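# Coordinates in review
As a plain string of letters, each chain reads:
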Amino acid sequence: MTDQKNWTKSSWNQYTALQQPNWPDQEKYNAVIEELSTLPPLVFAGEIRDLKAMLAKASKGEAFLLQGGDCSEEFSRCTAPNIRESLKVLLQMAVILTYAGNKPVVKVGRIAGQYAKPRSSDTEIIDGVELPSYRGDMANSIEPELESRIPDPRRLLKGYNMSAATLNLLRAFTRGGFSSLHRVHAWNQEFVKQSPMGRSYERLATQISHALKFMETIGISTDMPQLKQAQFFTSHEALFLGYEEALTREDSVDGGWYDCSAHMLWIGDRTRQLDGAHIEFLRGVNNPLGMKVGPKHNIDEILSIVDRLNPDNEPGRITLITRFGDGEVEKHLPGLLRAVKKSGHHILWSCDPMHANTFKADSGHKTRDFEKILSELRCFFEIHWSEGTIPGGVHFELTGNDVTECIGGARHLTDDQLGQRYLTTCDPRLNAEQSLEMAFQIADMIRTS
Ligand code: PEP
Ligand code: CO
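Below: a short report on this structure. (Residues numbered from 1 in each chain as written. Chains lettered and ligands numbered in written order. Predicted model: local features only at pLDDT ≥ 70, side-chain atom pairs only at ≥ 80, totals over all residues. Heavy atoms only, no water.)

## Quick word on the nonpolar core
Judged by nonpolar contacts, the single largest core of 113 residues is most densely connected at Leu156 and Phe396. Among the elements that take part in this core, helix H3 (residues 80-101) stands out by supplying 11 residues, more than any other. Look past the residues within four positions of Leu156 in its chain and what remains in contact with it is Trp23, Tyr29, Val32, Ile33, Leu36, Met138, Phe240 and Tyr243. (Core = buried A, V, L, I, M, F, W, Y, C linked by side-chain atoms within 4.5 Å. Buried < 20%, exposed > 50% of the residue type's maximum accessible area, 1.4 Å probe, protein only. Helix = DSSP H or I, 4+ residues; strand = E, 2+ residues; numbered from the N terminus. Contact = heavy atoms within 4.5 Å.)

## Notes on unusual backbone geometry
At Asn313, a position not held by glycine, the phi torsion is positive, near 55°. Summarising the element assignment, Asn313 is placed in the loop between helix H11 (299-309) and strand E10 (318-322). For Asn313, a relative accessible area of 21% translates into the label partly exposed. Of note in this structure, His412 is not a glycine but carries a positive phi near 50°. Its place among the elements puts His412 in the loop between strand E14 (391-397) and helix H14 (432-446). Relative accessible area serves as the criterion here: at 58%, His412 is assigned to the exposed category.

## Remarks on the sheet that holds strand E8 (residues 264-267)
Strand order in the closed barrel made by the 8 strands is E1-E2-E5-E8-E9-E10-E11-E14, with parallel pairing throughout. The average undirected angle you get between the axes of adjacent strands in this sheet is 25°. Pairing of strand E1 (residues 64-69) with strand E2 (residues 105-110), which is carried by 6 bridges, proceeds in the parallel orientation. Looking across to E2, one finds that Gly68 is bridged to Gly109. The strands touched by H11 within the sheet are E8, strand E9 (289-293) and E10, with E9 carrying the most contacts at an inclination of about 170°. (Pairing = 2+ DSSP bridges. Axes fitted to C-alpha atoms, helices over the stretch in contact; angles between N-to-C directions.)

## Side note on the environment of Val403
Relative to the helices and strands, Val403 is located in the loop between E14 and H14. The spatial distance from the C-alpha of Val403 to the C-alpha of Pro144 is 22 Å, given a sequence separation of 259 residues. In this view, Val403 contacts Arg421, Leu423, Arg429 and Asn431; residues no more than four positions away in its chain are not counted.

## Some remarks on helix H13 (residues 370-387)
When the terminal C-alpha atoms of H13 are compared, their 26 Å separation across 18 residues agrees well with the 26 Å that a helix rising 1.5 Å per residue should span. Buried within H13 are the following residues: Phe370, Ile373, Leu374, Glu376, Leu377, Cys379, Phe380, Phe381, Ile383, His384 and Glu387. With a side-chain oxygen positioned 2.9 Å from the backbone nitrogen of Glu371, the residue opening H13 is Asp369. Phi for Gly388, located one or two positions after H13, is positive at around 75°. (Expected span 1.5 Å × (residues − 1). Polar contact = N/O pair within 3.5 Å; in protein donor to acceptor, adjacent residues only side chain to side chain.)

## Brief notes about the pairing of E14
In summary, the side chains of a regular strand alternate between the two faces of the sheet. The element E14 is largely enclosed, with a buried count of 7 among its 7 residues. Where E1 and E14 come together, 5 bridges link them in parallel fashion. Residue pairing for E14: Leu65 is matched across the bridge by Gly393. Where strand E11 (residues 348-351) and E14 come together, 3 bridges link them in parallel fashion. Within E14, the residue paired with Ser350 across the bridge is Gly393.

## Details of the environment of Leu320
You can see Leu320 is positioned in strand E10. As a C-alpha pair, Leu320 and Ile347 span 27 residues in sequence and 6.7 Å in three-dimensional space. In contact with Leu320, other than residues within four places in its own chain, are Met291, Val293, Ile302, Val306, Ile347, Leu348, Trp349 and Ser350.

## As for the site of ligand 1
Around ligand 1 lies a shell formed by Cys71, Arg110, Lys117, Pro118, Trp266, Gly268, Asp269, Arg270, Lys292, Arg323, His355 and Glu397. One of the side-chain N or O atoms of Lys117 is found 2.7 Å from an oxygen atom in ligand 1. Between ligand 1 and Asp269 there is a distance of 2.8 Å, counted from an oxygen atom to a backbone nitrogen or oxygen. (Near = heavy atom within 4 Å.)

## Quick notes on the packing of helix H7 (residues 196-217) against H14
Interaxial distance between H7 and H14 falls to 9 Å at its minimum, and their mutual angle equals 55°. Taken together, the axis directions place H7 and H14 in an arrangement best described as oblique. Between H7 and H14 lies a crossing of left-handed hand. Mapping the contact onto sequence places Met197, Ser200, Tyr201 and Leu204 in H7 and Glu433, Leu436, Glu437 and Phe440 in H14. (Parallel < 35°, antiparallel > 145°, perpendicular 65-115°, else oblique. Left-handed = near helix turned anticlockwise from the far one by under 90°.)

## Thoughts on the pattern of salt bridges
Tallied over the entire structure, the rule returns 29 salt bridges. For Arg49, the salt bridge is made with Asp251, and the minimal N-O distance between the two is 2.9 Å. Residue Arg49 is located in helix H2 (residues 45-59), and its partner Asp251 is located in the loop between strand E6 (248-250) and strand E7 (257-259); the two are separated by 202 residues in the primary sequence. Judged by relative accessible area, Asp251 falls into the buried class, the value being 14%. Notably, a salt bridge pairs Asp254 with Arg49, separated by 3.0 Å at the nearest N-O pair. You can see Asp254 sitting in the loop between E6 and E7 and its partner Arg49 sitting in helix H2, a full 205 residues away along the chain. Asp254 gets classed as partly exposed once you look at its relative accessible area, which sits at 30%. Judged by relative accessible area, Arg49 falls into the partly exposed class, the value being 28%. By sharing partners, the salt bridges in this structure join Arg110, Lys366, Arg368, Glu397 and Asp427 into a single network. (Salt bridge = Lys/Arg side-chain N within 4 Å of Asp/Glu carboxyl O.)

Shown next as structure tokens:
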């Protein structure tokens with residue numbers, strides 16, 4: 001259990017909270033928070049504990065974490081097809097990785113609550129007009145109008161409801177037969193099927209179907225939950241602390257506090273100050289926590305934060321998600337790995353190869369290059385192997401849809417094609433085909449044969 005010395009779910013209020021929206025009407029905001037705190041939790045403590053146990057396994061190399069989804073979910077895209085496509089691509093990637101790595105893949109979506117975004121500046125200039133920055137659909141609207149950019153606390157309630165609707169469908173898809181391994185062929189998206197990646201996936205799916213058929217032929221039942229259901233967890237950046245506090249509940253089973261807005265929460269690279277409100281809040285909840293670590297980190301500070309968040313050194317509690325950028329991993333990762341190893345902390349190491357590889361294309365779009373993403377990942381794996389530590393997971397921004405946001409990949413998407421279906425309101429995502437290709441590339445790295 002976490003160290004709850006002097007901690008309450010509101011003790012973070014005594015600390016500086018960066019990246020919070022400037023809610024214009026405090027009374028309205030308080031009323032919303034009050035209402036949220038009476039609404040049912042979105043996830044249950046028992047599920048959170050299950051995930052933590054699986055992440056503990058991943059930290060020892062006995063499982064592998066696959067975390068991914070939109071940079072920023074949008075209320076207007078909270079639809080059944082979008083949720084289904086996101087789930088499908090993650091299930092496909094998980095199958096590819098499970099088959100290659102011979103170990104369970106822990107599936108965690110950036111979904112059902114990823115509505116709050118940190119920004120580098122409070123305001124932005126659009127067409128010469130200075131507007132409050134877009135901070136995610138749970139704060140304000142992307143529309144470039146002053147009125148729409150003023151944070152509105154009713155959006156927190158809407159975010160809660162959208163998260164509940166998303167989770168409800170995810171639970172139906174994962175428990176109700178859709179995610180059964182018997183349907184492994186059906187997860188392939190129409191637009192991917194004819195591509196080289198789609199065909200590689202079809203071949204793998206056929207091998208799995210044959211294995212299932214073989215089991216049935218010799219009389220082993222394949223009618224079991226391990227094959228017919230998927231375990232799928234949710235995560236988002238724990239950014240707006242009032243919202244997170246309102247969904248934090250005491251568990252009647254173990255008496256601990258759990259942030260029931262998602263199974264796993266992560267702390268962004270911009271809000272992980274040792275004496276900041278985010279660390280204060282998260283140290284007291286029992287969820288598994290991710291923390292992004294970018295190139296500007298200080299090793300001693302990271303160690304102190306890990307001490308504070310996980311004083312009992314519980315395995316599965318902390319996932320450090322490194323995001324250094326292609327060409328920078330060699331500079332930062334070995335020192336960090338050695339220091340953490342020396343400290344004796346149990347850490348699950350994951351790589352986010354997206355956030356430090358963003359650049360502006362000539363077309364003006366914010367993009368990422370498939371090759372650079374892959375190259376950061378390769379470096380991550382190689383350095384872990386040479387340091388004798390475990391590369392236990394990956395973290396992507398991706399979508400199941402046919403978008404054109406990241407350049408490269410098997411179709412060699414170019415700068416001038418980005419405008420065709422550039423739909424993200426925040427960072428560029430891998431499309432379904434690029435995501436499968438990435439999974440096959442990782443599979444080649446982790447293949448145990
Ligand atoms: C993110 O994951 O969307 C994000 C903002 O990441 P980071 O904190 O690593 O910049
Ligand atoms: Co992002």
